[in-house]
Amino acid sequence: MKPEKNRKIQATVDQTTVKMKKSVGERSFQLCNNIFLILLGLLCLYPLWYVAMGSISDHQKVLLYSGPMLLPQGLSTEAYQMVSRNPNILSGYFNTFFILIIGVILDMIFTCLGAYVLAQKNVLWKRPLMLFIMFTMFFSGGLIPSYLNMKQLHLTGTRWGLIIPFCINTYNMIILRTAFEGLPDSLIEAAKIDGAGHMTILSRIVLPLSKATLAVLVLYYGVGIWNGWFWASVLIRERNKLPLQVILREVLLAPQGDTEPIAITVRYATIIVATAPILCIYPFIQKYFTKGVLIGAVKE
């Protein structure tokens, strides 16, 4: 009986393997899809590679060179030396990191508090409040009223003007609220029975179970602050308070003159210096993207 039983098991395994095998059409589609995605990735990566190679190239050879640049044209670090001697770059880094660190901390605090309140089931006027908050996603006060409001609050000419008015993003709060609503109600009820307050429930139960979504929102806020230049150029006039992206914009839009061959490599080097930190951090948080957004977007 044993050999017969083994034969039946083997036949079942063989049938399952045959069913799991992909057809020729499926394998061909997967191959074409992989090739397309690889080519698309290389196409997106090439501009950054071009800028990186141009930043370590000789400025005279770059000026005379045309076509794809896969390798540096005469190795030179002159552009990076000029960037390092620019005091605006160093002050821009300091201002950007100050705004980034303080801004992300305050953004996450207010977003978590707002999302937790809106995720509760028995909140007074919860639906009208949510509609009022969502209204701000489609309509705003406008540029001039916002500027006048910040001016009356004495937020112009200071780095806090780039932090306090932007402490919460409606879209991010809705994602986090939906993630909080997806948590089991039994956990919250058990904590309340044990005497836990709202701050204890939020800090010890809700937030630890929403790490993936929180990581995504930290990246969203961080990239938004790092790339922000518009309001900084509107609110701040002192150069020692300008963030890095405003300095980068000034370098890229600088008028062309006799030093144009050097300016090309300096522009490339400035782009690399301004984007390298966020590019180094992104791969460590990217893995949370799909998981975090899906957790916050689908309500069970």
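Here, the structure is the one placed above.
Residues numbered from 1 in each chain as written. Predicted model: local features only at pLDDT ≥ 70, side-chain atom pairs only at ≥ 80, totals over all residues. Heavy atoms only, no water.

### Focus on the overall build of the chain
Moving on, step 1. Across its full length, the chain holds 15 helices and 0 strands.
Moving on, step 2. Residue burial in the chain is summarised as follows: out of 300 residues, 32% are buried. (Helix = DSSP H or I, 4+ residues; strand = E, 2+ residues; numbered from the N terminus. Buried < 20%, exposed > 50% of the residue type's maximum accessible area, 1.4 Å probe, protein only.)

### Quick notes on the pattern of salt bridges
Moving on, step 1. A full pass over the atoms with the stated rule returns 5 salt bridges.
Moving on, step 2. Its salt-bridge partner being Lys 121, residue Asp 185 comes within 3.8 Å of it at the nearest N-O pair. Taken together, the residues Asp 185 in helix α9 (residues 185-193) and Lys 121 in the loop between α5 (87-119) and α6 (126-138) connect sequence positions 64 residues apart.
Moving on, step 3. Judged by relative accessible area, which is 59%, Lys 121 ranks as exposed.
Moving on, step 4. Among the salt bridges present, the one from Lys 126 reaches Glu 181, with a minimum N-O distance of 3.6 Å. (Salt bridge = Lys/Arg side-chain N within 4 Å of Asp/Glu carboxyl O.)

### Examining α5
Moving on, step 1. Helix length check: α5, at 33 residues, gives a terminal C-alpha distance of 47 Å against a target of 48 Å (1.5 Å per residue), a fit within 8%.
Moving on, step 2. The residue sitting at the N-terminus of α5 and contributing the capping side-chain oxygen is Asn 86; that oxygen lies 3.0 Å from the backbone nitrogen of Asn 88. (Expected span 1.5 Å × (residues − 1). Polar contact = N/O pair within 3.5 Å; in protein donor to acceptor, adjacent residues only side chain to side chain.)

### Quick notes on the nonpolar core
Moving on, step 1. Counting 47 residues, the largest nonpolar core has Ile 89, Met 108, Leu 176, Phe 180 and Val 206 as the members making the most contacts within it.
Moving on, step 2. A per-element tally of this core places α5 first, with 11 residues.
Moving on, step 3. In contact with Phe 180, other than residues within four places in its own chain, are Cys 112, Ala 115, Tyr 116, Ala 119, Leu 202, Val 206, Leu 207 and Ser 210. (Core = buried A, V, L, I, M, F, W, Y, C linked by side-chain atoms within 4.5 Å. Contact = heavy atoms within 4.5 Å.)

### A look at the packing of α5 against helix α8 (residues 170-181)
Moving on, step 1. Their axes nearest at 8 Å, the elements α5 and α8 cross at an angle of 50°. When the axis of α5 is compared with that of α8, the two are oblique. Judged by the sense of rotation from one axis to the other, the crossing of α5 with α8 is right-handed. Here Thr 111, Cys 112, Gly 114, Ala 115, Tyr 116, Leu 118 and Ala 119 of α5 come into contact with α8, specifically with Asn 172, Met 173, Leu 176, Arg 177, Phe 180 and Glu 181. (Axes fitted to C-alpha atoms, helices over the stretch in contact; angles between N-to-C directions. Parallel < 35°, antiparallel > 145°, perpendicular 65-115°, else oblique. Left-handed = near helix turned anticlockwise from the far one by under 90°.)

### A few points about a nonpolar patch on the surface
Moving on, step 1. Nonpolar side chains collect at one region of the surface, where Leu 31, Ile 35, Ile 38, Leu 39, Leu 42, Leu 45, Leu 48 and Leu 279 lie side by side and expose about 760 Å² of accessible area between them.
Moving on, step 2. No other element matches helix α2 (residues 24-55), which puts 7 residues into the nonpolar patch. (Patch = residues over 30% accessible without salt bridge, like charges linked within 9 Å, V, L, I, M, F, W, Y side chains within 5 Å. Areas by Shrake-Rupley, 256 points an atom, 1.4 Å probe, with all protein chains shown as cover.)

### Section: the packing of aromatic side chains
Moving on, step 1. Applying the stated rule across the entire model yields 10 aromatic pairs.
Moving on, step 2. Between Phe 166 and Trp 231, the aromatic rings sit 6.0 Å apart at their centres with planes inclined by 50°, giving tilted as the arrangement. Linking Phe 166 in the loop between α7 (143-152) and α8 with Trp 231 in helix α12 (residues 230-235), this pair joins segments that are 65 residues apart in sequence.
Moving on, step 3. Residue class for Phe 166 comes out partly exposed when judged on its relative accessible area of 33%.
Moving on, step 4. You can call Trp 231 partly exposed: its relative accessible area is 21%. (Phe/Tyr/Trp six-rings, centres within 6.5 Å; stacked < 30°, edge-to-face > 60°.)

### Section: unusual backbone geometry
Backbone phi values are negative for most residues with the exception of glycine, while trans is the configuration of most peptide bonds.
Moving on, step 1. Despite not being glycine, Trp 125 has its phi angle at roughly 55°, a positive value.
Moving on, step 2. By the element assignment, Trp 125 lies in the loop between α5 and α6.
Moving on, step 3. The phi torsion at His 154 lies on the positive side, around 60°, for a residue other than glycine.
Moving on, step 4. Mapped onto the fold, His 154 is located in the loop between α7 and α8.
Moving on, step 5. Residue His 154 is classed as exposed on the basis of its relative accessible area, which comes to 67%.

### Considerations on the side chain of Ser 91
Moving on, step 1. Mapping Ser 91 onto the fold places it in helix α5.
Moving on, step 2. On the basis of relative accessibility, which here comes to 18%, the residue Ser 91 falls in the buried class.
Moving on, step 3. If near-sequence neighbours (up to four positions away) are discounted, Ser 91 is found in contact with Arg 239, Asn 240 and Leu 242.

### Observations concerning the packing of α5 against helix α10 (residues 198-206)
Moving on, step 1. Two elements in contact, α5 and α10, have axes separated by 12 Å at closest approach and are oriented at 105°. Compared by their axis directions, α5 and α10 come out roughly perpendicular. Across the interface between the two elements, Cys 112, Leu 113 and Tyr 116 from α5 touch His 198, Met 199, Ile 201, Leu 202 and Val 206 from α10.
Moving on, step 2. Within the contact of α5 with α10, the residues separate by chemical class into 7 nonpolar, 1 polar and no charged. (Nonpolar A, V, L, I, M, F, W, Y, C, P; charged D, E, K, R; others polar.)

### A look at the environment of Phe 98
Moving on, step 1. Its location among the elements puts Phe 98 in helix α5.
Moving on, step 2. For the pair Phe 98 and Arg 159, spaced 61 residues apart in the sequence, the C-alpha separation amounts to 8.5 Å.
Moving on, step 3. Contact partners of Phe 98, with chain neighbours within four places excluded, come to Gly 103, Arg 159, Trp 160 and Ile 163.

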